[in-house]
Each structure stands twice: as C-alpha cells, then as structure tokens.
Amino acid sequence: MDETQHFCLRWNNYQSSITSAFENLRDDEDFVDVTLACEGRSIKAHRVVLSACSPYFRDLLKKKRRSAK
C-alpha cells in the first residue's frame, strides 16, 4: 500500500526576510556582476535582480550575454 505523506513548508516573515537578504547583498557587494553608470555616477548591481525587476534590463542583459559568446 502506498502511503504518501504531504508536507507544507511555511516561511514566516518571508517578505521582510527576503528584503533584508537583498539589502545585505547590496550593501556588502557580494556577487555584484554589473555596474550601471549615468552622468558620472555609478552603482554596482546584480544581473539577476535587475532582470527580475525590469523587462528592459532583462532584454538588455540577454542581448549583452549573446553578443559576448
């Protein structure tokens, strides 16, 4: 007889936890892999975060990756 167990995983305070994790990555500059620059100013960023938040950056970064191959 097949006894299948089902589990439900819950992450309390998910939104604040993920926000805090992204802030820490940004502040510590861990894993930054791109620099945005405009009018003499620059900021280091993460391609995956830019891509997740913006279709414009997702398309731009895809094109850049294809041309680098």
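About the thresholds
Residues numbered from 1 in each chain as written. Predicted model: local features only at pLDDT ≥ 70, side-chain atom pairs only at ≥ 80, totals over all residues. Heavy atoms only, no water. Disulfide = S-S within 2.5 Å. Buried < 20%, exposed > 50% of the residue type's maximum accessible area, 1.4 Å probe, protein only. Pairing = 2+ DSSP bridges. Helix = DSSP H or I, 4+ residues; strand = E, 2+ residues; numbered from the N terminus. Salt bridge = Lys/Arg side-chain N within 4 Å of Asp/Glu carboxyl O.

Some thoughts on the state of the cysteines
One way to say it: the disulfide is the covalent bond shared by the sulfur atoms of two cysteines.
Inference 1: Throughout the structure, instances matching the rule amount to zero disulfides.
Inference 2: Not part of a disulfide, Cys53 finds its nearest cysteine sulfur in Cys38, a span of 19 Å.
Inference 3: Note on Cys53: relative accessible area 65%, which makes it exposed.

As for the pairing of strand β1 (residues 34-38)
Inference 1: Bridging between β1 and strand β2 (residues 41-45) involves five bridges; their strand directions are antiparallel. Its bridge partner being in β2, Cys38 is matched across the sheet by Arg41.
Inference 2: From the end of β1 to the start of β2, which pair antiparallel, there are two residues, and Glu39 there has a positive phi angle of about 50°.

So, the environment of His6
Inference 1: Of note, His6 is situated in the segment before α1 (14-28).
Inference 2: Separated by 48 residues in the primary sequence, His6 and Ser54 place their C-alpha atoms 36 Å from one another.

Overview of the pattern of salt bridges
Inference 1: A full pass over the atoms with the stated rule returns three salt bridges.
Inference 2: Lys44 is paired through a salt bridge with Glu29; the nearest N and O atoms lie 3.5 Å apart. Taken as a pair, Lys44 in strand β2 and Glu29 in the loop between α1 and β1 lie far apart in primary sequence, 15 residues in all.
Inference 3: Looking at Lys44, the relative accessible area reads 44%, which means it is partly exposed.

Here's the deal with unusual backbone geometry
Inference 1: Despite not being glycine, Asn13 has its phi angle at roughly 55°, a positive value.
Inference 2: Turning to its location among the elements, Asn13 is positioned in the segment before α1.
Inference 3: Located in the positive-phi region is Glu29, a residue other than glycine, with phi close to 55°.

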